[in-house]
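Structure at a glance
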Amino acid sequence: MSSLKLFRSTEFALSSFFSPQRERAALHPVWAIVLISLWIATVCNLALWRRLAQLPELNNATGIWFGIGLAVMIGAATSALLCLFAWRWTFKPVVTLLLLAAALGTYFMLNDGIVIDTPAMQRVLQVKPGGVADLVRNVVNWRMLASVLVLAVLPAAWLWRKPLRRVRPGRQLVVNAFVFVASCALLAGATVVFHEDLASTMQRHTQLRYLVNPLNSLYALADIAATPTAHEVDPKN
């Protein structure tokens, strides 16, 4: 009896070989990447879509088509990024951090009207440890908590509760590489199709690129990491 209890408690006993229903209910990692990318590209970019809707030249059917193309580009870029971390022990934590960054970015861009660029990120990183508590008291309110709950906590909780189908490392590598290439191809194709509208719109409204969430935050952090001395702020200022 003790050996039977031990067997039932092992991971092998809970595998798809003995629990086919559990395996059928599990979500394939590819679908998880697609769903999270769609959520980030659409709902988590409300600030971008609101700003585009305010542009007179895009307040028509052409603007809707342009917005769809831009959403495809953001989703493809996000999917390519997630493929790099689509492994058993890294995927869910990375997605959770990305959702939190997207939720906070959406809140500040919608409510405070700011854009997330390198200088803005630099100011956040230069907050001294003693000033963190004051910063939290000044910015945290029920609207922020609601934004984080809806945009980050709920989808992250769904992902953590949803079992992901286990794929052998070699096969997972192939799948990740395929999805990465497909995402890059989709991004390149959408860029070619919307190149003229994209270039003209970004040229006239340069701040739009800093509303692409959360890629704007990632770009700002990468920019600071690549050239840290170039973004140092004089403490006298």
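**Some words on the nonpolar core**
Counting residues in hydrophobic clusters, the biggest one holds 24 residues, and the most contacted among them are Ile33, Ile40, Leu82, Phe91, Val95 and Leu99. Sorting elements by how many residues they give to this core places helix H6 (residues 91–111) first, with seven residues. If we ignore the near neighbours within four places in the chain, the residues touching Val95 are Ile36, Leu82 and Leu159. The next biggest cluster of nonpolar side chains, apart from the first, holds 23 residues, and it includes Ala47, Leu55, Met121 and Val212.

**Concerning the layout of surface pockets**
Taken as a whole, the largest pocket spans an internal volume of roughly 810 Å³. Forming the walls of the largest pocket are 25 residues, and the residues nearest its centre are Leu104, Phe108, Met121, Val124 and Ser217. The set of elements that each furnish at least two residues to the lining of the largest pocket consists of H6, helix H7 (118–125), helix H8 (132–139) and helix H12 (215–226). Looking at the lining of the largest pocket residue by residue, the classes come out as 22 nonpolar, two polar and one charged.

**A few points about the packing of aromatic side chains**
According to the stated counting rule, one finds two aromatic pairs in the structure shown. Aromatic pair Trp65 and Phe194: ring centres 5.4 Å apart, planes at 50°, arrangement tilted. Highlighted residues: Trp65 in helix H5 (residues 61–83) and Phe194 in the loop between helix H10 (169–193) and helix H11 (195–204), separated in sequence by 129 residues. Look at Trp65 and you get exposed, because its relative accessible area is 51%. Geometrically, the ring pair formed by Tyr107 and Phe108 is edge-to-face, given 5.1 Å between the ring centres and 70° between the ring planes.

**Some points on the confidence of the model for the protein**
Per-residue confidence for the protein averages 84 on the pLDDT scale, and 84% of its residues sit at or above 70. A low-confidence stretch, residues 10–20 (pLDDT under 50), is modelled with 13 contacts involving residues beyond four sequence positions or located in other chains.

Rules and cut-offs
Residues numbered from 1 in each chain as written. Predicted model: local features only at pLDDT ≥ 70, side-chain atom pairs only at ≥ 80, totals over all residues. Heavy atoms only, no water. Core = buried A, V, L, I, M, F, W, Y, C linked by side-chain atoms within 4.5 Å. Buried < 20%, exposed > 50% of the residue type's maximum accessible area, 1.4 Å probe, protein only. Helix = DSSP H or I, 4+ residues; strand = E, 2+ residues; numbered from the N terminus. Contact = heavy atoms within 4.5 Å. 1 Å grid on protein atoms, 1.4 Å probe; cavity = no way out; pocket = protein on both sides within 12 Å on 5 of 7 lines; lining within 4 Å. Points joined across faces, edges and corners; volume = space filled by probe spheres on them. Nonpolar A, V, L, I, M, F, W, Y, C, P; charged D, E, K, R; others polar. Phe/Tyr/Trp six-rings, centres within 6.5 Å; stacked < 30°, edge-to-face > 60°. pLDDT = per-residue confidence, 0-100.

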